[in-house]
There are 2 protein chains.
Amino acid sequence: MEPEVSTYPIGEPGGRARLDTPALLLDLEALDRNIARMAAHCRRTGQALRPHAKTHKSVEVARRQIAAGAVGQCCATLGEAEVLGRAGIPGVLVTSPVVGPRRAARLAALNETTQGLMAVADDRGAVAALASVVTGKPLSLLVDVDVGTRRTGVPSAQAAVALARQIAETPGLIFAGIQGYAGHLQHIYDYAERARAAAAVSEQLAHVCAVLAGDGLSPPLVTGGGTGTHDFDHRHGVLGELQAGSYALMDVDYGKVALTADGQPGPFEPALFVATTVVSAASDEFAIIDAGLKALATDGPMPLFARGAPEGAVYSFAGDEHGRVHYAAGNPARLKVGDIVELHPPHCDPTVNLYDTYHAMRGDVLEAVWPVDARGRR
Amino acid sequence: MEPEVSTYPIGEPGGRARLDTPALLLDLEALDRNIARMAAHCRRTGQALRPHAKTHKSVEVARRQIAAGAVGQCCATLGEAEVLGRAGIPGVLVTSPVVGPRRAARLAALNETTQGLMAVADDRGAVAALASVVTGKPLSLLVDVDVGTRRTGVPSAQAAVALARQIAETPGLIFAGIQGYAGHLQHIYDYAERARAAAAVSEQLAHVCAVLAGDGLSPPLVTGGGTGTHDFDHRHGVLGELQAGSYALMDVDYGKVALTADGQPGPFEPALFVATTVVSAASDEFAIIDAGLKALATDGPMPLFARGAPEGAVYSFAGDEHGRVHYAAGNPARLKVGDIVELHPPHCDPTVNLYDTYHAMRGDVLEAVWPVDARGRR
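What counts as what
- Within each chain, residues carry numbers counting from 1 in the order of the written sequence.
- Chains and ligands are labelled by the order in which they are written, letters from A for the one and numbers from 1 for the other.
- The model is predicted, so local features are restricted to residues of pLDDT at least 70 and side-chain atom pairs to those at 80 or more, both for listing and for counting; the totals for chains, interfaces and linings are taken over all residues.
- The side-chain quantities take in all heavy atoms of the structure and omit both hydrogens and water.
- Salt bridges, as used here, are contacts in which a Lys or Arg side-chain nitrogen is within 4 Å of a carboxyl oxygen on Asp or Glu.
- In this description a helix means any DSSP run of H or I spanning at least four residues, a strand means any run of E spanning at least two, and both kinds are numbered starting from the N terminus.
- Each residue's exposure class comes from its accessible area (1.4 Å probe, protein chains only) as a fraction of the maximum for that residue type: buried when under 20%, exposed when over 50%, partly exposed otherwise.
- In this analysis, axes come from line fits to C-alpha atoms, helices being fitted only over the stretch in contact, and the angle between any two N-to-C directions falls in the range 0 to 180 degrees.
- The cut-offs work like this: below 35 degrees is roughly parallel, past 145 is roughly antiparallel, 65 to 115 is roughly perpendicular, and the gaps in between are oblique.
- For any pair of crossing helices, the crossing counts as left-handed if the nearer helix is rotated counterclockwise from the farther one by less than a right angle, and right-handed if it is rotated clockwise.
- The contact rule is simple, with two residues in contact once any of their heavy atoms fall within 4.5 Å.
- Strands pair, by our definition, only if DSSP identifies at least two bridges between them.
- Crossover handedness is defined by viewing with both strands directed away from the observer: a clockwise path from the first strand over the helix to the second marks the crossover as right-handed.
- Superposition of the copies used a least-squares fit over C-alpha atoms from residues whose pLDDT is at least 70 in both.

**Some points on the pattern of salt bridges**
What the rule picks out here adds up to 46 salt bridges over all chains. Between R106 of chain A and D20 of chain B there is a salt bridge, with its nearest N and O atoms 2.7 Å apart. Taken together, the residues R106 of chain A in helix α5 (residues 101-113) and D20 of chain B in the segment before β1 (23-27) connect one chain to another. Residue classification places R106 of chain A among the buried positions, given a relative accessible area of 19%. Given a relative accessible area of 10%, D20 of chain B falls into the buried group.

See below:
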């Protein structure tokens, strides 16, 4: 489902002021610096980088990450995998279990036409269902291990061994390794606390690897980790590859996570913004902008103002399509109808998923308009 | 931007079990009963009904509401108005201020090609900007009055008079009346408290009408109200038309609002559901379904289970694409990978906006697949 970007003009080349709003902005220079920094980090640590596309849902961003050295892309849905795979992105790993005959058939079809596709499993029946539809190229499967996120994944090393053996012994399937994604750690704000928790996860994964190796099923690949834990995901020599996603775009919540030991801001900078227009200035206490519940993720902290709002102003939601810019006491500056205000989104992934289009900005110039290729794709 | 429904098959005619998930379900029988009940209510009270399309974003739902007697549709964005207007829906009222030269031009163009279009204004400069682009058919404008929602709207009766006079005296514009939408009241759970607050709003609107009438600017139309206040919006003879939206679909939060004096459930029933699939059952404490932050609104209460989950189970979010079904203590029933579970959405409007497609169900049979025509349209 390609958005007809040319017939639904959200913005025109030339500048920020010409954007229709609310508009999703991508700061290309910040994006490229984030991409380069994570690529350099992984070169230093010797890990492969397979960025998570659930964050950006964009073929163009994926290509930039791969050009900088990424080995592929993680996808949280089969739909995302199909969009990227069909655009020629190699090395797609579907990080959520693929269940049921229809999805198995879609995965098998995608496997025929793309390079390096992998999927995960935590259930014997689901593994059998996948095998039953593979007719051509064998399908690479990772055993998903629960490392405390209380989501998907087998609960024990023994269960991992049983599933790995089933995969290894089933015609049409290849046991490609294990996934251990510690989603529950990524947003722990304190560096030391998060590092300790991640060390425990690494220990658990190391144990699973040892048990598998003892049964002749040493995992060729161990994949996991994220932006929050990237600074120590390599430390125990367990995670051969990093699945970080948010680093590319960042958001208000990740701004609160101390990503490095020295507690300084960084190393990744905000690259995603929402541009809005002041549509009402009838009150002296606040102005109304055209971004509300349908323009910003609502599962995190409040959005913060990035540009255009008076010093000290605070945002609050005012329904589906509106938000308030509450003026700070003591600041007489007031917005006018038509002014442009930009916001840092609370949580990048669900914010991106609200939009059909990125406005790729180079400084103040709109350089390109990219579809959010996998918006809403399951 | 038409979704290619035929090439992105989410579901197939024949039944709930064949839906790919997460899928947005519309219970056609409940929808039609809701539509009929509100239409009957408005006939009894003598109010016109102009349902709010921000809830359903669907040409098909709009047509059903108009077939049942609605005078048109309210739209929260110009994009929604363009989608409905171009599909031939008459009587579209854009309930948010239209500002800036580009939006003014879009509105003027839409006015040329649709019947009964109206817009609102709360700012003199915005009114002048609208007038400057009207070349053909005059544009009907309502003065938006702030009745306590602290969003858009002029703050006083005097400001309303000044704006009404400007509109009435500007060539190309028609003063069509006033809008006074009490968004801040709609989700007050207690009936009596909400009724008292709504009475105060009616009093305020009546005062504005009297002041306008005193200046020879009696408003031809007074529009406002919502699902939460519908039972008493007519009581003071002020609101000539009702803008209710949520009644058509309902949600968990509106399930907590006592809509009638007797405190009984009703009169509107849940018509919107999210269907999900169990993708992991590796834990004995919970199962994982494929609906998370990107499948359900996150600005309200937790979603509730409608069908398919064991008695007493509770939902929690587990990331972008997953949710947990927490089993109740003492209930040994367990879900299996592949089971279908249906949820009541927390807040209907932002939930609908996450999807490209409705699955219109008649009982257990998928009768039709409708686009969410105005998804993401601004």
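**Observations regarding the packing of helix α1 (residues 28-45) of chain B against helix α3 (residues 59-67) of chain B**
All names here are of chain B. The contact between α1 and α3 brings their axes to 10 Å, and the two run at 40°. In terms of orientation, α1 and α3 fall into the oblique class. Crossing geometry of α1 relative to α3 is assigned as right-handed. On α3, the residues that touch L28, L31, D32 and I35 of α1 are V61, R64 and Q65.

**Some details on the pairing of strand β6 (residues 139-144) of chain B**
Residues and elements named next belong to chain B. When you tally the buried positions in β6, you get six out of six residues, the bulk of the element. Note: strand β5 (residues 118-121) against β6, four bridges, orientation parallel. Across the sheet, the residue bridging to A121 is V143, located in β6. Following the backbone out of β5, through helix α6 (residues 124-133) and into the adjacent parallel β6, one traces a crossover that is right-handed.

**Topic: the relation of the copies chain A and chain B**
Between chain A and chain B, the superposition needs a rotation of 180° and an axial shift of 0.0 Å, giving an RMSD of 0.0 Å. Put plainly, the chains are arranged around a two-fold axis. Minimal C-alpha distance to the rotation axis in chain A is attained by T298 of chain A, lying at 2.8 Å. Counting the interface residues of chain A, we find that 98% of their copies in chain B are interface residues as well, pointing to one common contact surface.

**Things to note about the sheet that holds strand β7 (residues 173-180) of chain A**
Residues and elements named next belong to chain A. Read across the sheet, eight strands follow the order β2-β9-β8-β7-β6-β5-β4-β3 without closing on themselves; strand pairing throughout is parallel. On the outer flanks of this sheet lie β2 (48-49) and β3 (73-75), each paired with one strand and no other. The strands touched by helix α4 (residues 78-86) are β3 and β4 (92-94); relative to β4, the strand with the most contacts, the crossing angle is about 170°.

**Observations regarding the pairing of strand β5 (residues 118-121) of chain A**
Residues and elements named next belong to chain A. Covered by surrounding structure in β5 are M118 and V120 together with A119 and A121, the residues of both alternating faces. Looking at chain direction, β4 and β5 are connected through two bridges and run parallel. Note on β5: the bridge partner recorded for L93 is M118.

**Regarding unusual backbone geometry**
Negative phi characterises most residues that are not glycine, and trans characterises most peptide bonds. For the peptide bond that leads from T21 of chain A to P22 of chain A, omega is 0°, which places it in the cis range. Assignment of secondary structure puts P22 of chain A in the segment before β1 (23-27). A cis amide bond links G266 of chain A with the next residue in sequence, P267 of chain A, at an omega value of 0°. Phi at M250 of chain B is positive, roughly 65°, even though this residue is not glycine. With respect to the element layout, M250 of chain B can be found in the loop between β9 (241-242) and β10 (272-280). Take M250 of chain B: its relative accessible area is 5%, and that puts it in the buried class.

Shape is all these values report; function is a separate question.
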